[in-house]
Amino acid sequence: MTADLDQLLAAVEARQGEIVDLLCRLVSFETPAPPARNTAEAQQFVAQYLRELGAEIDIWDVHPGDPNVVGILRGSDAGAHHSLIINGHVDVAAVEPGEAWETGPFRPIVRDGVIIGRGTADMKGGLAGALFVLRIMADHGVALPGDLIFQSVIGEEVGEAGTLQCCERGYTADMAVVVDTSDLHIQGQGGVITGWITVKSPQTFHDGTRGHMIHAGGGVFGASAIEKMAKIIQGLGELERHWAVTKQYPGCPLGSTTINPAVIEGGRHAAFIADECRLWITVHYYPNENFADVIREIEEHIGGVASGDPWLRVNPPTFVWGGTSMIIDRGEIFPALEVDPAHPGTILLATMHERVAAQKAIVDVSPTVTDGGWFGDAGIPAVIYGPGELRHAHSVNEQVSIDQLVTFTKVLLAFVLNWTSTRKQ
Ligand SMILES: [Zn+2]
């Protein structure tokens, strides 16, 4: 190494204007999802930035107009030293026409120590800081002993899991840091899975037959799918309350395991008995649970509700779980991520945070979900650690503090240098 850590950290301080400029540049690429399919230009910019720093580039379309970019900096003694994945998503939350942005979501403003613009907190700030870590190392001739894999992914905001594709493509490391919004806490997360529950009648009846369905001696064995779905919604509420009193996880508020009946669709029009009803639910579960178990609990409970109803017993509801996109198949999965506080990577990141930021490191659980779970799912120890506050993410006049962005960049730099210089056990 030609420069010591203190020199590199001082260089970050001295060049913080460049981090701000880089973030403003990233924000100026309009990459909201939905509608998505708009990240190609931003990703070309990231790829070029990484290429100039000596990274090998792997770029491929996850969807047309939405490529993933992976930049690989090969370590000088990779076999013997820890490798690291740094991951961030380049898509940002959607904007609605008429929102009260000061200058427009993609025309960033720098003022009073903050940068305002869509994606500053979630999470182009994290991406800009992480890219600048690589810039500083390149400019100071730092060659890392272990491999560094930089992933700029698409689709996170709509559950399209560009990160999952990176894992499936074979990218792995001894640790991953997802630089998504965490207010510089070191975080794991609970999981989220969406599902569709469908109640469907094998026959379709005219509205005029309802009397025969519900009255004594009517003789028609039929039902309104909407009324039966109401029973299922009640059942979901019972299970949600049961979870609230029986499940807990350290660091998560009690009752975080929710089942939200988010969208309901059903019926044809007023001249029919509703022969189909579909319910879209969002299920949150704790970091130490997995979606297969959670799904089984829901299907068993609703199976019990159905078996107690003469019509649902014969016409049981069906379930479709998860999905690959909120805009294609209207479903998503964000696996949970448990952070091991005793993992050497977690300890090192906490130590670097305390040393560089001069603040106590906080290891806790994100109240939202990120791509971090895909690494946990792939068996890669991972943490979420990034600048920006969740209350600003997705908001009008979204912003990030420049101080925090610079602190993040310095902590990440210290962590990257130390982690990839540590010999594998
Ligand atoms: Zn995010």
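Calculation rules
- Residues numbered from 1 in each chain as written.
- Predicted model: local features only at pLDDT ≥ 70, side-chain atom pairs only at ≥ 80, totals over all residues.
- Domains from an automatic or database assignment.
- Contact = placed C-beta atoms within 7 Å.
- Helix = DSSP H or I, 4+ residues; strand = E, 2+ residues; numbered from the N terminus.
- Nonpolar A, V, L, I, M, F, W, Y, C, P; charged D, E, K, R; others polar.
- Buried ≥ 20, exposed ≤ 12 C-beta atoms within 10 Å, placed from the backbone.
- Pairing = 2+ DSSP bridges.
- Core = buried A, V, L, I, M, F, W, Y, C linked by C-beta atoms within 7 Å.
- Axes fitted to C-alpha atoms, helices over the stretch in contact; angles between N-to-C directions.

**Quick word on the domain arrangement of the protein chain**
Argument step 1. Taken domain by domain, the protein chain comprises domain 1 (5-189 + 337-420) and domain 2 (191-321).
Argument step 2. One C-alpha centre belongs to domain 1, the other to domain 2, and the line joining them spans 39 Å.
Argument step 3. Taken together, the contact between domain 1 and domain 2 spans eight residues of the former and six residues of the latter.
Argument step 4. For the side of domain 1 that touches domain 2, the elements supplying multiple residues, two or more each, are strand 10 (186-189) and strand 16 (363-366).
Argument step 5. Classifying every residue of the side of domain 1 that touches domain 2 gives three nonpolar, three polar and two charged.

**A few points about the pairing of strand 10**
Consecutive residues of a regular strand have side chains that alternate between opposite faces of the sheet.
Argument step 1. Of the two faces of strand 10, the one carrying Ile-186 and Gly-188 and the one carrying Gln-187 and Gln-189 are both buried.
Argument step 2. Judged from the four bridges that link them, strand 10 and strand 16 form a sheet pairing that is parallel. Note that in strand 16 the partner of Gln-189 across the bridge is Ser-366.

**Topic: the nonpolar core**
Argument step 1. The biggest cluster of nonpolar side chains holds 110 residues, and the ones touching the most others in it are Leu-84, Val-133, Phe-150, Val-177, Leu-413 and Val-416.
Argument step 2. At twelve residues, the largest contribution of residues to this core is made by helix 12 (residues 402-420).
Argument step 3. There are two domains that each give this core at least three residues, and those are domain 1 (5-189 + 337-420) and domain 2 (191-321).
Argument step 4. Contacts of Phe-150, omitting those with residues within four sequence positions, involve Leu-50, Ala-55, Val-70, Gly-71, Ile-86, Ala-130 and Leu-134.

**What about the environment of Val-305?**
Argument step 1. With respect to the helices and strands, the residue Val-305 is situated in helix 8 (residues 291-307).
Argument step 2. It is 39 Å that separates the C-alpha atoms of Val-305 and Ile-384, two residues lying 79 residues apart in sequence.

**Observations concerning unusual backbone geometry**
Argument step 1. Across the junction of Pro-34 and Pro-35, the peptide omega takes the value 10°, indicating a cis bond.
Argument step 2. Considering the arrangement of structural elements, one finds Pro-35 in the loop between strand 1 (32-33) and helix 3 (40-52).
Argument step 3. A cis amide bond links Asp-122 with the next residue in sequence, Met-123, at an omega value of -10°.
Argument step 4. For His-394, which is not glycine, the phi torsion reads 70° and is therefore positive.
Argument step 5. Here His-394 shows up in the loop between strand 17 (382-384) and strand 18 (399-401).

**Points about the sheet that holds strand 18**
Consider a sheet: its strands pair through backbone hydrogen bonds, and that pairing is either parallel or antiparallel.
Argument step 1. Taken in spatial order, the three strands make up an open sheet running 6-7-18, and their pairing is antiparallel. Here the strands that pair on one side only, and so sit at the sheet edges, are strand 6 (109-111) and strand 18. Averaged over all pairs of adjacent strands, the angle between their axes in this sheet comes to 20°, without regard to strand direction.
Argument step 2. Pairing geometry for strand 7 (residues 114-116) and strand 18, over three bridges, is antiparallel. When the sheet's bridge partners are listed, Ile-115 is paired in strand 18 with Val-400.
Argument step 3. Of the strands in this sheet, strand 7 and strand 18 touch helix 4 (residues 120-139), which is tilted by about 50° from strand 18.

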